[in-house]
Amino acid sequence: MAKIILENIAHTYEPNASNPIFALKEMSLSWADGGRYALLGPSGCGKTTMLNIMSGLVNPSHGKVFFDERDVTSMITEERNIAQVFQFPVIYGTMTVFENLAFPLKCRQFPEDQIERKVKEVAEILNLQDYLNNRAKGLTADQKQLISLGRGLVREDVAAILMDEPLTVIDPDLKFRLRRKLKEINDKYKTTLIYVTHDQNEAMTFADNIIVMDQGEVVQAGSPKDLFERPQTTFVGYFIGSPAMNLYECSASSKNEISIGVNSFKVQTNINNSKSENLKLGIRSEYITVENEYSDNSLEADVIEVEDFGNYKLITASFDSFKIKAKVKRELDIPSEKVILKLPAEHCCIYEDNKLI
Amino acid sequence: MPKLYTFLKYFFVVLWACFVIAPFLWAISTSFKDFNSVTGGATYIPWLQFEPTLDGWSVLFKPGSQGGINIIGPYFNSIFVTLTASLISIVLGTLAAYALSRYTFKAGIVKNNDITFFFISQRIMPPVVLSIPFFIFLSSLGLLDSLAGLILVYIVLLMPIAVWIMVDFFNRVPREIDETALIDGCNPFQAFFKVVLPNSVPGMLVAGLFCIIFGWIDFFFAFILTFTKVQLLPVKIVALNSSITPWWSLSAAALVSVAPLIIVAFIVERYLSKGNLSGALK
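Residues numbered from 1 in each chain as written. Chains lettered and ligands numbered in written order. Predicted model: local features only at pLDDT ≥ 70, side-chain atom pairs only at ≥ 80, totals over all residues. Heavy atoms only, no water.

### Side note on the nonpolar core
For soluble globular proteins, the rule of thumb is that nonpolar side chains tend to be buried together.
Next up, step 1: Counting 50 residues, the largest nonpolar core has Val-153, Tyr-154, Phe-170, Phe-221 and Leu-225 of chain B as its most contacted members.
Next up, step 2: Elements with a contribution of two residues or more to this core: helix H3 (97–107) of chain A together with helix H4 (72–102), helix H6 (127–141), helix H7 (147–171), helix H8 (175–183), helix H9 (188–196), helix H10 (201–217) and helix H11 (220–224) of chain B.
Next up, step 3: The element that contributes the greatest number of residues to this core is H7 of chain B, accounting for 15 residues.
Next up, step 4: In contact with Tyr-154 of chain B, not counting residues within four places along its chain, are Val-81, Ala-85, Ser-89, Gly-215, Asp-218, Phe-221, Ala-222 and Leu-232 of chain B.
Next up, step 5: One finds Ala-38, Leu-101, Leu-193 and Ala-207 of chain A within the second-largest nonpolar core, a separate group that totals 44 residues. (Core = buried A, V, L, I, M, F, W, Y, C linked by side-chain atoms within 4.5 Å. Buried < 20%, exposed > 50% of the residue type's maximum accessible area, 1.4 Å probe, protein only. Helix = DSSP H or I, 4+ residues; strand = E, 2+ residues; numbered from the N terminus. Contact = heavy atoms within 4.5 Å.)

### Regarding the sheet that holds strand S16 (residues 298–308) of chain A
All names here are of chain A.
Next up, step 1: Judged by pairing direction, the sheet is antiparallel, and its five strands sit side by side in the order S15-S19-S16-S17-S18 without closing on themselves. Lying at the two open borders of the sheet, with one neighbouring strand each, are strand S15 (289–291) and strand S18 (322–329). Direction aside, the axes of adjacent strands within the sheet are offset by 50° on average.
Next up, step 2: Here S16 runs beside strand S19 (residues 338–342); their pairing, made up of five bridges, is antiparallel. The partner of Ser-298 across the bridge, within S19, is Lys-342. (Pairing = 2+ DSSP bridges. Axes fitted to C-alpha atoms, helices over the stretch in contact; angles between N-to-C directions.)

### Looking at the domain arrangement of chain A
All names here are of chain A.
Next up, step 1: Along its sequence, chain A is carved into domain 1 (4–234) and domain 2 (242–356).
Next up, step 2: The interface of domain 1 with domain 2 comprises nine residues on the first partner and 14 residues on the second.
Next up, step 3: Buried area between domain 1 and domain 2, both sides added, is near 1000 Å², and the carbon and sulfur share of it is 52%.
Next up, step 4: Broken down residue by residue, the surface that domain 1 buries against domain 2 is led by Phe-228, Arg-230 and Thr-234, which jointly contribute 57%.
Next up, step 5: The tally of links between domain 1 and domain 2 comes to zero salt bridges.
Next up, step 6: On the surface where domain 1 and domain 2 come into contact, there are six residue pairs in polar contact (both at pLDDT 80 or more). (Domains from an automatic or database assignment. Buried area = accessible area lost by both parts, 1.4 Å probe. Salt bridge = Lys/Arg side-chain N within 4 Å of Asp/Glu carboxyl O. Polar contact = N/O pair within 3.5 Å; in protein donor to acceptor, adjacent residues only side chain to side chain.)

### A closer look at the domain arrangement of chain B
All names here are of chain B.
Next up, step 1: When cut into domains, chain B gives domain 1 (2–53) and domain 2 (72–274).
Next up, step 2: Placing a centre on the C-alpha atoms of domain 1 and another on those of domain 2 gives a separation of 33 Å.
Next up, step 3: Both faces combined, the contact of domain 1 with domain 2 buries some 680 Å², and carbon together with sulfur accounts for 88% of it.
Next up, step 4: Contact with domain 2 buries area across many residues of domain 1, yet Phe-24, Ser-31 and Phe-35 alone supply 52% of it, more than any other trio.
Next up, step 5: Taken together, the links from domain 1 to domain 2 amount to zero salt bridges.

### A closer look at the sheet that holds strand S10 (residues 217–222) of chain A
Residue and element names in this part refer to chain A.
Next up, step 1: Sheet architecture is open: six strands sit in the order S6-S7-S8-S3-S9-S10, paired in mixed fashion. Both outer strands of the open sheet, strand S6 (83–85) and S10, are each paired with one neighbouring strand and no more. Ignoring which end each strand starts from, the neighbouring axes of this sheet average 15° apart.
Next up, step 2: Inspection of the sheet shows S6 paired to strand S7 (residues 161–164) by three bridges, in the parallel sense. Within S7, the position partnered with Val-85 by the bridge is Met-163.
Next up, step 3: Each of strand S3 (36–40), S7 and strand S8 (193–197) is contacted by helix H6 (residues 172–189), which is oriented at about 155° to S8, the strand it contacts most.

### Observations regarding the packing of H3 of chain A against helix H5 (residues 141–153) of chain A
Residues and elements named next belong to chain A.
Next up, step 1: Packing of H3 against H5 brings their axes to within 7 Å, and their N-to-C directions diverge by 35°. As H3 runs across H5, the sense of the crossing is right-handed. Residues Val-97, Asn-100, Leu-101 and Pro-104 of H3 form the contact with H5, whose participating residues are Ile-147, Gly-150 and Arg-151.
Next up, step 2: Grouping the constituent residues of the contact of H3 with H5 by class yields four nonpolar, two polar and one charged. (Left-handed = near helix turned anticlockwise from the far one by under 90°. Nonpolar A, V, L, I, M, F, W, Y, C, P; charged D, E, K, R; others polar.)

### A closer look at the interface of chain A and chain B
Next up, step 1: Each side of the interface is counted separately: chain A has 24 residues, and chain B has 21 residues.
Next up, step 2: Together chain A and chain B conceal approximately 1900 Å² of surface at their shared face, both sides included; 59% is due to carbon and sulfur atoms.
Next up, step 3: Looking at the side of chain A facing chain B, the largest losses of area belong to Glu-78, Tyr-92 and Lys-137 of chain A, adding up to 25% of the total buried there.
Next up, step 4: Summed over the shared surface of chain A and chain B, the number is one salt bridge.
Next up, step 5: Measuring nitrogen to oxygen at the nearest pair gives 3.0 Å for the salt bridge that ties Arg-151 of chain A to Asp-184 of chain B.
Next up, step 6: Where chain A packs against chain B, one counts five residue pairs in polar contact (both at pLDDT 80 or more).
Next up, step 7: No other element matches the three residues that H3 of chain A contributes to the side of chain A that touches chain B.
Next up, step 8: Here the side of chain A that touches chain B is composed, by residue class, of 13 nonpolar, four polar and seven charged.

### What to know about the packing of aromatic side chains
Pairs of aromatic rings are described using the distance from one ring centre to the other and the angle between the two planes.
All names here are of chain B.
Next up, step 1: Across all of its chains, the model carries 27 aromatic pairs over all chains by this definition.
Next up, step 2: Ring centres of Tyr-75 and Phe-76 lie 6.4 Å apart, and the angle between their planes is 75°; this geometry places the pair in the edge-to-face category.
Next up, step 3: For Tyr-75, a relative accessible area of 16% puts it in the buried group.
Next up, step 4: Exposure remark for Phe-76: the relative accessible area of 55% places this residue in the exposed category. (Phe/Tyr/Trp six-rings, centres within 6.5 Å; stacked < 30°, edge-to-face > 60°.)

Below, the structure written as structure tokens:
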């Protein structure tokens, strides 16, 4: 186990091109030993490239990779002692389940008794103990993925376990149980887990720390709470949360006040120093409340749709030419035509050039 | 409708089976006939329509001094040359194909696909184009009329087949399996031998089958590169021909020469259809 540090890492798959496109733009990042991380971002944002750089499957075009103090940049994969689980199950079809799970230990010449003990322990965690003597090829897709996962878990001394959307092929119930199991493993063995996903719920429920990526850049790293309450960019605001953050172009009216069309709102951000024309107000639909009468920071909107999701209601309404979504308690009675919505100042985020100020 | 479909399905399968089996049955019956039975009109049922004789078969095993051609020596020569050349072609071809599938080669404008095409281009040329170079090549090495010379030439002819089939096979094997082996602690050679190769048996069996078929049936190079010391089966069988075509012994020879291919195809097909080797990945 080790602290993983990426120092000024950047990568392009076309190093000889005159104007190469970088899959990963220059960045520095560190992953604490024993941490539980999620790497979140849309497809093609560079998540897998970053994992492959850490595991040594890809040599970065620029920068260095350190495991603790050790520079591993030029070290080949087998020497890095890292585990990686891919999106689709990769099993050794000609081997049994036992042989599959034992393979990483055999390659590293662990003693037979230790291999047997460890394989049985991991098989039990993953509910594979009844299949140990079966050919891996004959199992179902989710069982195969459990084997892939198991091969990552048998080595206690790995620097980190990297998981590239590993639960895609697994059914929702088992997915939930496995995520919990992974958390338990992380608590028990203090193994660094890095979990790549494009599913925000998966990331939010799994990780202590979430790194959000977009177009080859890390746009925000923080706890699920930070990401939800204070998205550092409009991208994070839009990408995290369901529904996405309400975002409106606005202009500064005074030090703590902005205008959206004819409506003015107080905010807690000092916007006096803002020089950009590109100002946006962002507010989560969870923080918008339905009021009976006008007060500060409220507006009247035309109700377009009210959807009942069982545990909450989602109001979609419009004011001026803008749409607004509010998530409210299910018990609340929503007027069918006009509704007064309040945007609490403490939850209003102001973005200048798409960055939080 | 399902009944009609089943009927049609079986009808065409039986029709196709007859079409395939008929020449074999014809050859079997002809091999037990003599001159009069062959030339006296079509007959099918032994003992009733013609008197079976082993003359056609005995010629194949009698020495030349007794009017036979004795195919035993050439038969084993053919087996030895075909198996050795096929084996070497599969081994070298598999290694080459893996490299072409997994690593990027570039020399000027020449890239991986071009190299694969160079291999295949050996088979695009008519064999006669290669005959003189091969003759001169073997002559300069002192390998004309020798088993080693034939094996060398057959490797050149069979390896493109192996490379072609195996490149396509490896291209369909996900790279993740190699990468997983590297992550699990293998070096690139171990990843190939311990993980990729055991999973590549179906592809190698198919490539091997093709190599054996093409090696076994070659007449042209066996004819021009050997004289008296070494002979392969196809060349020896042609020696049966004389002013009167001996259909009975030619039929027997055809059956004897096709037998190993049927056995090989039968074994390979069993392995492939069992499904314990095919689709071993993912």
